[in-house]
Amino acid sequence: MNPPAAISSELREWILATARAGHSPQDVLELMHVHGYDPRQSRAIVAEVLQLPPDALRTGAATPAGRRTKHPEGPLARAGDREVRVTLGMERPALRVLDGLLTGEECDELVALATPRLARALTVDAAGKQQVDHRRTSVGMFFKLGELPLVAQLEQRIAALLDIPVSHGEGLQILHYLPGQEYQPHYDWFDPGQPGYATITARGGQRIASVVMYLNTPEAGGGTAFPEVGLTVTALRGSAVYFAYEGGDTSSLHAGLPVQRGEKWIATKWLRERPY
């Protein structure tokens, strides 16, 4: 990162006030870009004023392509037909823990609908093809967009909460983990350096955010860990964790921890920057 130019007291106060108002460093960068600041100098200035580590603001973060998510703010957030409680929030990664995104009855219905269609969960390889991966030991299935009334209702709920059209979401995935099964640390966004990147993103563009919904409460284990920031989200029936990673935020590294006792059911929704 280049050393910052001289920072006026007015600019320094504006950056601090904007950050105190709840805007992320990436939001500040975008606003500076709109007002004509050079992106490289902007990153250096924001890093110095907010006392961020040199690699906290990634190259290109000030001008991300495509749609950005609207992060839920405050203790309560409206999600279409439901009001959810935001019980935890952090800015890097942009992450919110949402209590009450689904009812218990909705969780049970999703499990029942998915059970007859379960198969070994796959990942995407470097060439953009589906593969069996030793890091992911669960079984799962996908619903098509709007395939069933409950699926469509949940998709509308997430779209209203995040202000992203339903068309930007991949099909809802249901996953089932038994004791000892896990998903080792990984990113949900696609690495632009991989040879299959163009194929993976030709439809819908890059992934920009994930919503992991817990359909039951395991007896022990099975939380979602974010090792870069030292956070583990407990799997609680009806709750969810939302996290965004526009620009390939490496702090979004996460893992589905092994189930120690009982079982774990989750529903995952990945969101893209363009219609999928």
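Residues numbered from 1 in each chain as written. Predicted model: local features only at pLDDT ≥ 70, side-chain atom pairs only at ≥ 80, totals over all residues. Heavy atoms only, no water.

*Asks:* Which residues make up the sheet that holds strand S15 (residues 254–256), and what values go with them?
*Replies:* On the basis of which strands lie adjacent, the open sheet formed by four strands has the order S9-S15-S12-S13 and antiparallel pairing. Edge positions in the sheet fall to strand S9 (183–186) and strand S13 (231–233), since each has one partner strand and no second. Each strand of the sheet is rotated relative to its neighbour by a mean of 15 degrees, with strand direction disregarded. With three bridges joining them, strand S12 (residues 224–226) and S13 adopt antiparallel strand pairing. Directly across from Phe-226, in S13, lies its bridge partner Leu-231. (Pairing = 2+ DSSP bridges. Helix = DSSP H or I, 4+ residues; strand = E, 2+ residues; numbered from the N terminus. Axes fitted to C-alpha atoms, helices over the stretch in contact; angles between N-to-C directions.)

*Asks:* Describe the nonpolar core, naming the residues involved and giving the relevant values.
*Replies:* One finds Leu-101, Leu-110, Ile-174, Met-213 and Leu-215 to be the most contacted residues of the largest nonpolar core, which totals 34 residues. Counting residues per element, the ones that place at least two in this core are strand S1 (76–79), strand S2 (82–91), strand S3 (94–99), helix H4 (104–114), helix H5 (149–162), strand S10 (207–214), strand S14 (240–244) and strand S17 (264–272). Among the elements that line this core, the one with the most residues is H5, at six residues. Among residues more than four places away in sequence, those in contact with Met-213 are Leu-101, Leu-102, Leu-154, Ile-158, Leu-172, Ser-239, Ala-240, Trp-265, Ile-266, Ala-267, Thr-268 and Lys-269. (Core = buried A, V, L, I, M, F, W, Y, C linked by side-chain atoms within 4.5 Å. Buried < 20%, exposed > 50% of the residue type's maximum accessible area, 1.4 Å probe, protein only. Contact = heavy atoms within 4.5 Å.)

*Asks:* Give me the packing of H4 against H5: which residues, what numbers.
*Replies:* At a minimum axis distance of 11 Å, the contact between H4 and H5 shows a crossing angle of 125 degrees. The angle between H4 and H5 places the two elements in the oblique class. Taken as a pair, H4 and H5 cross one another with a handedness that is left-handed. Residues Glu-106, Glu-109 and Leu-110 of H4 pack against Leu-150, Val-151, Gln-153, Leu-154 and Arg-157 of H5. The residue inventory of the contact of H4 with H5, partitioned by class, reads four nonpolar, one polar and three charged. (Parallel < 35°, antiparallel > 145°, perpendicular 65-115°, else oblique. Left-handed = near helix turned anticlockwise from the far one by under 90°. Nonpolar A, V, L, I, M, F, W, Y, C, P; charged D, E, K, R; others polar.)

*Asks:* Break down the packing of helix H1 (residues 9–20) against helix H3 (residues 39–49) for me, citing the residues and quoting the values.
*Replies:* Their axes nearest at 10 Å, the elements H1 and H3 cross at an angle of 70 degrees. One element, H1, and the other, H3, form an angle in the roughly perpendicular class. Residues Leu-11, Arg-12, Ile-15 and Leu-16 of H1 form the contact with H3, whose own contacting residues are Ile-45, Val-46, Glu-48 and Val-49. Counted by class, the contact of H1 with H3 contains six nonpolar, no polar and two charged residues.

*Asks:* I'd like a description of the pairing of S14, backed by residues and values.
*Replies:* Along S14, five of the five residues are buried, which leaves the element largely enclosed by surrounding structure. Burial of the side chains of S14 extends over both faces: Ala-240, Tyr-242 and Ala-244 are buried on one face and Val-241 and Phe-243 on the other. Pairing geometry for S3 and S14, over five bridges, is antiparallel. Across the sheet, the residue bridging to Leu-95 is Phe-243, located in S14. Across five bridges, S10 lies against S14 in antiparallel orientation. Bridging across to S14, Ser-210 finds its partner in Phe-243.

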